[in-house]
Amino acid sequence: QVTLVESGGGLVQPGGSLRLSCTASCLLSTDAAGWYRQAPGKERELVARITTGGNIDYTDSVKGRFTISRDNAKNTVDLQMNSLKPEDTAVYYCNVIRKFKTYWGQGTQVTVSP
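Residues numbered from 1 in each chain as written. Predicted model: local features only at pLDDT ≥ 70, side-chain atom pairs only at ≥ 80, totals over all residues. Heavy atoms only, no water.

Side note on the environment of Cys94
- Residue placement: Cys94 occurs in strand β9 (residues 90-98).
- Residues Cys94 and Leu28, 66 residues apart in the sequence, show an inter-C-alpha distance of 15 Å.
- With sequence-adjacent residues up to four places away left out, Cys94 is seen in contact with Leu4, Glu6, Cys22, Gly34, Trp35, Tyr103, Trp104 and Gly105. (Helix = DSSP H or I, 4+ residues; strand = E, 2+ residues; numbered from the N terminus. Contact = heavy atoms within 4.5 Å.)

Considerations on the packing of aromatic side chains
- One pass over the full model with this rule turns up two aromatic pairs.
- Ring centres 5.0 Å apart and planes at 75° place the aromatic pair Tyr36 and Trp104 in the edge-to-face group. In this pair, Tyr36 is assigned in strand β4 (residues 32-38) and Trp104 in strand β10 (residues 101-104), connecting sequence segments 68 residues apart.
- Using a relative accessible area of 36% as the deciding quantity, one classes Trp104 as partly exposed.
- Between Tyr93 and Trp104 the ring centres are 6.4 Å apart and the planes differ by 90°, which places this aromatic pair in the edge-to-face class. Here Tyr93, found in strand β9, pairs with Trp104, found in strand β10; they are eleven residues apart in sequence, far enough to count as distant.
- Taken together, the ring pairs connect Tyr36, Tyr93 and Trp104 into an aromatic cluster.
- One residue, Arg44, lies across the ring of Tyr93, its end atom 3.7 Å from the ring centre. (Phe/Tyr/Trp six-rings, centres within 6.5 Å; stacked < 30°, edge-to-face > 60°. Buried < 20%, exposed > 50% of the residue type's maximum accessible area, 1.4 Å probe, protein only. Lys NZ or Arg CZ within 6 Å of the ring centre and 35° of its normal.)

Regarding the state of the cysteines
- Throughout the structure, instances matching the rule amount to one disulfide.
- Each sulfur of the disulfide joining Cys22 and Cys94 lies 2.1 Å from the other. Here Cys22 and Cys94 share a disulfide; its torsion about the S-S bond, -80°, makes the bridge left-handed. In this pair, Cys22 is assigned in strand β3 (residues 18-24) and Cys94 in strand β9, connecting sequence segments 72 residues apart. In this structure, Cys22 and Cys94 share a single accessibility class: buried. (Disulfide = S-S within 2.5 Å.)

Describing the pattern of salt bridges
- Summed over all chains, the structure comprises seven salt bridges.
- Here Arg98 makes a salt bridge to Asp31, at a shortest N to O gap of 2.7 Å. Of this pair, Arg98 sits in strand β9 while Asp31 sits in the loop between β3 and β4; the two residues are 67 residues apart in sequence, bridging distant segments of the chain. The residues Arg98 and Asp31 share a single accessibility class, namely buried.
- For Glu45, the salt bridge goes to Arg37, with nearest N and O atoms at 2.7 Å.
- Overall, the relative accessible area of 33% leaves Glu45 in the partly exposed class.
- On the basis of relative accessibility, which here comes to 5%, the residue Arg37 falls in the buried class.
- Several salt bridges converge on common partners, so that one network encompasses Arg37, Glu45, Arg65 and Asp88. (Salt bridge = Lys/Arg side-chain N within 4 Å of Asp/Glu carboxyl O.)

Encoded structure:
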């Protein structure tokens, strides 16, 4: 069982930055980890992930603006978001996959608005 708690969401103006942090009860080097988001009326979508092999993937709309990182010693997975746009507004969820089981955090709201 893995418990995930997200933090760092909030209201920011377009062009601004936020850093989301996900703290896991335990994060193993063999876990895949990532961030997803869900905007109102839309399906949940992948934002960024670090695979079990250490590869990093980003959805096209955030490439060059968002950076995912992890610290297994601190049990954290962070998402640095720069040059935020109104279309980035969504609830952001942390995700960990361990031995084919998927775990989710409760989500943190990110609102990008003037």
